[in-house]
Amino acid sequence: MTYRRIFTILFTGLISICSLVAQEVKRPAIWGIAKMTFLVSDMEMAREYYGRFLGFDEAFSYPSPAGTVVSFKINDRQFLEFIVDKQAKEKKRLVSVSLETESVPDMLRYLQAQGVKVSPCVTDGAGNEVIATQDAAGNNVEFIDLTANGLHRKSKGKFLSENRISKRMHHAGLYAEKIDEQDTFWVKILKCKEIVRYPLDKTQPGVIQYLGLGDCTENIEHYSPCDENFSHPCFLVEDMQETIYTLKERRNGQTVNRPSIGKTKRWLLNLQTPDKTRVEFTEAYCIK
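In this text, all values refer to a predicted model and were calculated from it rather than measured experimentally. Every chain is numbered independently, its residues counted from 1 as its sequence is written. The predicted origin of the model limits local features to residues at a pLDDT of at least 70 and limits the giving and counting of side-chain atom pairs to 80 or more, whereas totals for whole chains, interfaces and linings rest on all residues. Water and hydrogen atoms were dropped before computing side-chain values, which therefore reflect all heavy atoms in the structure.

Trainee: Hey, could you run me through the pattern of salt bridges in this one?
Mentor: Close approach of charged atoms lets side chains of opposite charge pair. Any carboxyl oxygen of Asp or Glu that lies within 4 Å of a side-chain nitrogen of Lys or Arg is treated as forming a salt bridge with it. Counting across every chain of the model gives 16 salt bridges. One salt bridge in this structure joins Lys 35 and Glu 81, with 3.1 Å as the shortest N-O distance. With Lys 35 in strand 1 (residues 30-40) and Glu 81 in strand 4 (residues 78-84), this pair connects stretches of sequence that are 46 residues apart. Note on accessibility: Lys 35 and Glu 81 belong to one class, buried. Here a helix means four or more residues in a row that DSSP labels H or I, a strand means two or more in a row labelled E, and each is numbered from the N terminus. Here the term buried applies to any residue with accessible area under 20% of the maximum for its type, exposed to any over 50%, and partly exposed to those in between, with areas from a 1.4 Å probe on protein chains only.

What follows is the structure, given as structure tokens:
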């Protein structure tokens, strides 16, 4: 047997072993959207908009490499977080979307086995385990374990204002230059399930896509506009008309736009902060 033949057999065997190892590393559960972090040009503006106008309580702050993070609480497992950058209006304002997983080390091994470039596991300034990567559109995606000793978990039962306009983030809207290019990471690797894509004709480039995270009811929305600042939180509300009326009463100079009917036949309301960051609201039910 020639050396070339022996090398070929050994190389083929090594590839098979590597493939088997990759298949055996299973993706840990993703329990939902833990938080979205945005740049803001002014923290007092953020307090006025997200605090007074939308009614979310400011819970705590902690250090990060990008600056001090100020956390507003949606519920005991979901947060909106902000970092001041005086030039925020001229930048991509989404810092990251963070998905909760039960084991960050297992998620790290899984992503590495799939060939994904991912940061080492670290403990963030709030005391949580976290790793980070990017999707095809350059959105920073974190996987986080909100540990028992971290600030987020320690706030359980606190900072839950009765004035908050919503009690749950329904989905994270993420910019995608080309939706089809997002499928490798979100569908093939993270195993998200496509709920709907428009246009329905898949021979045409995707314009909008909803993906279920699989282990929970929360979604990722991809949209292909000409604006990288499409990324936004979308909040679930029980009654859109009551939501509009509440915001009208609180507006004090804030703009409340007209509602619209989305492609999924639900009422939608899209607003913008003074930084031009989008904030969306949706009902859970289709229009009857």
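Trainee: Would you take a moment to explain the sheet that holds strand 15 (residues 267-272) for this structure?
Mentor: Paired through backbone hydrogen bonds, the strands of a sheet run either parallel or antiparallel to each other. A pair of strands is treated as paired once DSSP finds two or more bridges between them. Spatially, eight strands are ordered 10-11-12-9-13-16-15-14 in an open sheet, and the strand pairing comes out mixed. The sheet terminates laterally at strand 10 (193-198) and strand 14 (260-261), the two strands that pair on one side only. Pairing between strand 13 (residues 232-237) and strand 16 (residues 278-283): four bridges, direction parallel. Paired with Phe 235 across the two strands is Phe 281, which belongs to strand 16. Along the sheet face, helix 6 (residues 240-250) touches strand 13, strand 15 and strand 16 and points at about 25° away from the line of strand 15. In this analysis, two residues are considered to be in contact whenever any of their non-hydrogen atoms come within 4.5 Å of each other. For helices, the fitted axis covers only the stretch in contact; all axes are lines through C-alpha atoms, and the angles between them, taken along N-to-C directions, range from 0 to 180 degrees.

Trainee: Which parts of the structure should I look at to understand unusual backbone geometry?
Mentor: Negative phi values dominate among residues other than glycine, just as trans dominates among peptide bonds. In this structure, the amide linkage connecting Tyr 198 to the following residue, Pro 199, adopts the cis form with an omega of -5°. Within the secondary structure, Pro 199 is located in the loop between strand 10 and strand 11 (208-212). With a phi angle near 65°, Lys 191 is a residue other than glycine that sits in the positive phi range. Of note, Lys 191 is situated in the loop between helix 5 (179-189) and strand 10. If you check the backbone angles, Lys 265 has positive phi at about 65° while not being a glycine. Take Lys 265: it is sitting in the loop between strand 14 and strand 15.

Trainee: Help me out: how do you make sense of the environment of Pro 205 in this one?
Mentor: Take Pro 205: it is sitting in the loop between strand 10 and strand 11. In this structure the C-alpha to C-alpha distance between Pro 205 and Glu 24, which are 181 residues apart in sequence, comes to 33 Å. Contact partners of Pro 205, with chain neighbours within four places excluded, come to Asp 180 and Pro 199.

Trainee: What am I meant to see in the nonpolar core here?
Mentor: Grouped burial of nonpolar side chains is what soluble globular proteins tend to show. Only buried Ala, Val, Leu, Ile, Met, Phe, Trp, Tyr and Cys residues count toward a nonpolar core, and they belong to the same one when joined by side-chain atoms within 4.5 Å. Formed by 52 residues in total, the largest nonpolar core has its most connected members in Met 36, Leu 54, Leu 111, Phe 143, Trp 186 and Phe 281. At six residues, helix 2 (residues 43-53) tops the list of elements feeding residues into this core. Beyond its immediate stretch of four places on either side in the chain, Phe 281 contacts Leu 54, Ile 165, Cys 234, Phe 235, Val 237, Met 240, Leu 247, Trp 267, Leu 268, Leu 269 and Leu 271. Leu 39, Ala 59, Tyr 62 and Ala 126 belong to the second largest nonpolar core, which has nine residues in total.

Trainee: Please clarify how the packing of aromatic side chains should be interpreted in this entry.
Mentor: One pair of aromatic rings is described through two measures. These are the centre distance and the angle between the planes. Between rings of Phe, Tyr and Trp, where Trp is taken as its six-membered ring, a pair exists when centres lie within 6.5 Å; planes separated by under 30 degrees are stacked, by over 60 edge-to-face, and by other angles tilted. Across all of its chains, the model carries ten aromatic pairs by this definition. Ring geometry for Tyr 223 versus Phe 230: centroids 4.9 Å apart, planes at 40°, classification tilted. Since its relative accessible area comes to 31%, Tyr 223 is described here as partly exposed. When the ring of Phe 235 is compared with that of Phe 281, the centres are 5.9 Å apart and the planes differ by 35°; the resulting orientation is tilted. Remark: Phe 281 occurs in strand 16 and Phe 235 occurs in strand 13; sequence separation between them is 46 residues. Here Phe 235 matches Phe 281 in class, with each residue buried. Aromatic ring contacts, followed pair by pair, group Tyr 49, Tyr 50, Phe 53, Phe 72 and Phe 82 into a single cluster. Here, over-ring charges are defined by two tests on the NZ atom of lysine or the CZ atom of arginine: distance to the ring centre within 6 Å, and angle to the ring normal within 35 degrees. Above the plane of the ring of Tyr 245 lies Lys 248, whose end atom (NZ or CZ) is 4.5 Å from the centre. The ring centre of Tyr 198 lies 5.4 Å from the NZ or CZ of Lys 263, which sits over that ring.

Trainee: Would you take a moment to explain the sheet that holds strand 7 (residues 129-134) for this structure?
Mentor: If you trace the eight strands from one edge of the open sheet to the other, you get 2-3-4-1-5-8-7-6, paired in mixed fashion. The open sheet has two edge strands, strand 2 (57-62) and strand 6 (122-123), and neither has a second partner. Pairing of strand 3 (residues 69-75) with strand 4, which is carried by five bridges, proceeds in the antiparallel orientation. Looking at strand 4, one finds that Ser 71 is bridged to Glu 81.

Geometric values such as these leave the question of function open.
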